[in-house]
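Structure at a glance
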Amino acid sequence: MSSLNNDVGHSACRSRVRWRISLAALVVCWVVQTGFVERFDQPYPALHMPGFGMPSTKGKQYQFLDSDIYITYSDGQTVQLDRNEFLWQMPAPHAGSTLKTYFRIMPPATAPKRSWLDRLIPGFRAAKFETSKPWWKQSVAEWLDSQRSRWRPDAGDATITSVRVEWIWRERLDDGTFQNVNDTPEYLWEMSFGEDR
Amino acid sequence: MIGPFDRLLFKEYAVSSKDLGIFRIIFAASLLFIRTGRGFYIADLPDAFYQPPIGPAAFFSGFPPAWLIWMANIIFIVFLTMLLIGWKTKVASLGAAGSLLFINVWVYALGKIDHDIFLIVTPTILAFSGWGDQFSIDSQARCGQDLDDKVLNNTPSTTVGNPAVALLAVAVSLGMFTASWVKLKTGWLSFDSQAVEYLLQVNYYITGRETSVGDYFLRHSPTWLWETQDWATVIIEGLFIVAVVRMGWFRICLVFICFFHIGVLLMFAIGFRENLITYGAFVPWSSLFFSGTKAQASSGFLKTLCRIPPIVSVSLIAAPVVGLVFYTQGPPGDLFPSRLSYPMHVVAGTIAGIYFIKIVIRSIQDLRGGKSTSK
């Protein structure tokens, strides 16, 4: 009987130790993860909730970097889309993020230098480093071509010849209307596909 | 003498296995409705958009084929169904967490991470909580014929703290603290700018989520009210890390965060269904819903369920869900208006409201009791 009691006691004790270790491991992992987020970027999976950003303010008027997308077809017609129409396959927040990542700053002539972490894990933020390479443009061109009838049902045989994304600072006035802050776009992303086809 | 960490782990979170059993069913059913059928669109995207964060997807160079995402979704549905009926609950919990993680890893390879990590953390931790000990096929198999006694006896099955529930509370607190910390760092408490106002404007005018409440606030809210919302958000999210040491305090934080989520839904049309489901682990469900008649009904239902081979039960539930996922190309919840966000928030708000009123009444009673004693 006493041996049975001892066994139960040992088992309960081991269980308690396991839970204490689990708690310690959770806290340590969270601390390491927080350090990683501060130094690099948010990993996934991570015990992390959205913090959102801080407004870019100019006095009391808030400014937004808004985007207008223009798609020109080989028959000369141009359609204007918003981000959710352009990247319709994705949920809205993913569309905003994807547009900001790839269709804001023009690809550099040569690929940017990767940090030691990027070199260690080649897939990490991969496409960001590939936008200057021919395969990237080719991949985007094929995707655009597959979507041309979606954006313009009467496109027929007309192919997409260029995509232009204008990023413009807009501000909301006290009367609820909007105005462009500058005459020229803050960023301009433009790519022609005609010559490649 | 018991240390603070031991008190937290082994004493404080005394949640009955009956409450956990009910929560397990709510959790699995909710996920079957809102979290299955994810990520089919990524197979149609070009690898030009592939830029995963640090994690498993970073070891690959492109999106997976559609069939793999389909397989992962079907496996996820099967594990959730096993969890729902409580068959091999531990395996089902870890399997559901693993398959959802697998799907999410690819969905977030676009570079944008949705913050639904609690849905993975919850079954991973609660797999070891005994949430399959009640209202489950496992409990029937283990306890044989004493099911009637177990279900009908309305006393809590556990009176000591449940370390798994405590660990989940710590995980939730740490997660919420990260949100508060970023806001604190980026100046949400500065009186020079109003972050909630700015975010609402972006959400309303650029993202296009136009809500009546948001419109009203944008037109009429004074600066001090915006600033109050900034401060309240940072404080509520940050308080969890302190409140976690007592379950009562933690539940009060959950009450406030439920009201906060309702406010966000009404103003921003952004639902936090994923978080609300997790908060359910700390709700005393049996005291809310469990009368003797319902206990008898559930006992009868379980007995009937146990007569059917589990594999048949799983197939009978999982097959229609897979069919609905195929039909909607998304979660079955998409068939409902607002994707069940509003009903789920109303339920959470009602529970939070009831708990809040109970606290207020108890505090008034305590205050009166204190006064009469002092007289």
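Heads up: these notes are all about the structure in this document. Counting restarts for each chain: residues are numbered from 1 in the order of the written sequence. Each chain takes a letter, starting from A, and each ligand takes a number, starting from 1, following the order in which they are written. Where local features are concerned, this predicted model is filtered to residues with pLDDT of at least 70; where side-chain atom pairs are given and counted, the filter is 80 or more; whole-chain, interface and lining totals use all residues. Only hydrogens and water are removed before side-chain values are computed, so all heavy atoms of the structure are retained for them.

Turning our eyes to something else, we now look at the overall build of chain B. Helix and strand assignments come from DSSP, with helices taken as H or I runs of at least 4 residues and strands as E runs of at least 2, each series counted from the N terminus. Assigned secondary structure in chain B consists of 17 helices and 0 strands. The quantity called the radius of gyration is restricted to C-alpha atoms. Its globule counterpart is 2.2 Å times the number of residues to the power 0.38. Relative to the globule expectation of 21 Å for 375 residues, the C-alpha radius of gyration of chain B, 22 Å, shows essentially globular dimensions. Burial analysis of chain B (375 residues in total) assigns 54% to the buried set. A separation of at least 24 residues holds for 80% of the contacts in chain B among residues at least 6 apart in sequence. Here chain B displays about 16200 Å² of accessible surface, and carbon together with sulfur accounts for 68% of that area. Only four residue types enter the tally: Lys and Arg on the positive side, Asp and Glu on the negative side; His and the chain ends are excluded. Taken as the charge location is NZ of Lys, CZ of Arg, CG of Asp or CD of Glu. Side chains of chain B carry 27 positive and 22 negative charges; the gap between the two charge centres is 9 Å. Relative accessibility thresholds used throughout: buried, under 20% of the residue-type maximum; exposed, over 50%; partly exposed, between the two (1.4 Å probe, protein chains only). Contacts were defined at the residue level, with two residues in contact if any of their heavy atoms lie within 4.5 Å. Computed with a 1.4 Å probe, the accessible areas rest on the Shrake-Rupley method; for each residue, only the protein chains presented here act as cover.

The nonpolar side chains of a soluble globular protein tend to be buried with one another. Counting 133 residues, the largest nonpolar core has Ile-71, Phe-86 and Val-163 of chain A together with Tyr-13 and Phe-49 of chain B as the members making the most contacts within it. Looking at which element gives the most residues to this core, the answer is helix α8 (residues 163-185) of chain B, with 12 residues. In this structure, Ile-71 of chain A is in contact with Gln-77, Thr-78, Val-79, Leu-81, Phe-86, Trp-151, Ile-160, Ser-162 and Val-163 of chain A, ignoring residues within four places of it in sequence. Counting 16 residues, the second largest nonpolar core, distinct from the first, contains Trp-188, Tyr-198, Leu-199 and Met-267 of chain B. By convention a nonpolar core is built from buried Ala, Val, Leu, Ile, Met, Phe, Trp, Tyr and Cys residues, the set being connected through side-chain atoms within 4.5 Å.

Before going further, it helps to examine the layout of surface pockets. Residues and elements named next belong to chain B. With a 1 Å grid spanning the protein atoms alone, the term cavity applies to any set of points in which a 1.4 Å probe fits but cannot get out, the term pocket to an open set with protein on both sides within 12 Å along at least five of seven lines, and the term lining residue to any residue with an atom within 4 Å of a point. Grid points are joined across faces, edges and corners, and a volume is the space filled by probe spheres set on the points. In this model, the second largest pocket occupies a volume close to 650 Å³. Lining of the second largest pocket is provided by 31 residues; of these, Val-283, Trp-285, Val-347, Ala-348 and Ile-351 occupy positions nearest its centre. Contributing elements (two or more residues each) for the lining of the second largest pocket: α2 (17-34), α12 (247-268), α13 (273-279), α14 (285-289) and α17 (341-374). A per-element tally of the lining of the second largest pocket places α17 first, with 10 residues. Amino acids are sorted into nonpolar (Ala, Val, Leu, Ile, Met, Phe, Trp, Tyr, Cys and Pro), charged (Asp, Glu, Lys and Arg) and polar (every other residue, Gly among them). For the lining of the second largest pocket, the class distribution of residues is 24 nonpolar, 3 polar and 4 charged.

Turning next to a nonpolar patch on the surface. All names here are of chain B. What goes into a patch is any residue over 30% in relative accessible area without a salt bridge, connected to like charges within 9 Å or, for nonpolar side chains (Val, Leu, Ile, Met, Phe, Trp, Tyr), within 5 Å. Salt bridge, as used here: a side-chain nitrogen of Lys or Arg that lies within 4 Å of a carboxyl oxygen of Asp or Glu. Taken together, Phe-191, Trp-231, Ile-235, Leu-239, Ile-241 and Val-242 make up a surface patch of nonpolar side chains, about 550 Å² in accessible area. Position of Trp-231 among the secondary structure elements: in helix α11 (residues 223-243). Classification of Trp-231 by relative accessible area gives partly exposed; the value is 32%.

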